[in-house]
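# Per-entry structural report
Here is how the chains run, residue by residue.
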Amino acid sequence: MDARRFERLAADRAAALTAGDAGRAAALLDEALGLWRGPALADLPDRAAEAARWEARRLDARRARLDAALALGDAPAALPS
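Because the structure is a prediction, the values reported are computed rather than measured. (Residues numbered from 1 in each chain as written. Predicted model: local features only at pLDDT ≥ 70, side-chain atom pairs only at ≥ 80, totals over all residues. Heavy atoms only, no water.)

### Re the environment of Ala-22
With respect to the element layout, Ala-22 can be found in helix 2 (residues 22-34). Sequence-wise, Ala-22 and Asp-67 are 45 residues apart; in three dimensions their C-alpha atoms are separated by 8.6 Å. Beyond its immediate stretch of four places on either side in the chain, Ala-22 contacts Leu-17, Ala-68, Ala-71 and Leu-72. (Helix = DSSP H or I, 4+ residues; strand = E, 2+ residues; numbered from the N terminus. Contact = heavy atoms within 4.5 Å.)

### Here we look at the pattern of salt bridges
Per the counting criterion, the structure on display carries seven salt bridges. For Glu-31, the salt bridge goes to Arg-5, with nearest N and O atoms at 2.3 Å. Here Arg-5 lies in helix 1 (residues 2-18) and Glu-31 lies in helix 2, a separation of 26 residues in the sequence. The closest approach of N and O atoms between Arg-58 and Glu-55, which form a salt bridge, is 3.1 Å. With Arg-58 and Glu-55 both in helix 3 (residues 48-71), this residue pair falls three residues apart, about one helical turn. Overall, the relative accessible area of 18% leaves Arg-58 in the buried class. On the basis of relative accessible area, Glu-55 is assigned to the partly exposed category, the value being 22%. It is possible to trace a salt-bridge network through shared partners that takes in Arg-4, Glu-7 and Arg-57. (Salt bridge = Lys/Arg side-chain N within 4 Å of Asp/Glu carboxyl O. Buried < 20%, exposed > 50% of the residue type's maximum accessible area, 1.4 Å probe, protein only.)

By themselves, these figures tell us nothing about what the structure is for.
Here's what the structure looks like:
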């Protein structure tokens, strides 16, 4: 369930960025990334290929969140701490 919700939120983020609403995109990405707990599909056997696909999606969402922070003028949020 969390994987599907993550996927929906990440897709909604793309629509928000296309509409020029970086604030909404950032909020959607925060919610999506907040669903992430540990390695993808860690409790499933033979998960390697599918888990790699979900990890790539998570990294895409993290990059998009950094882009949203920059669009909002929040450069410090995009820098490593």
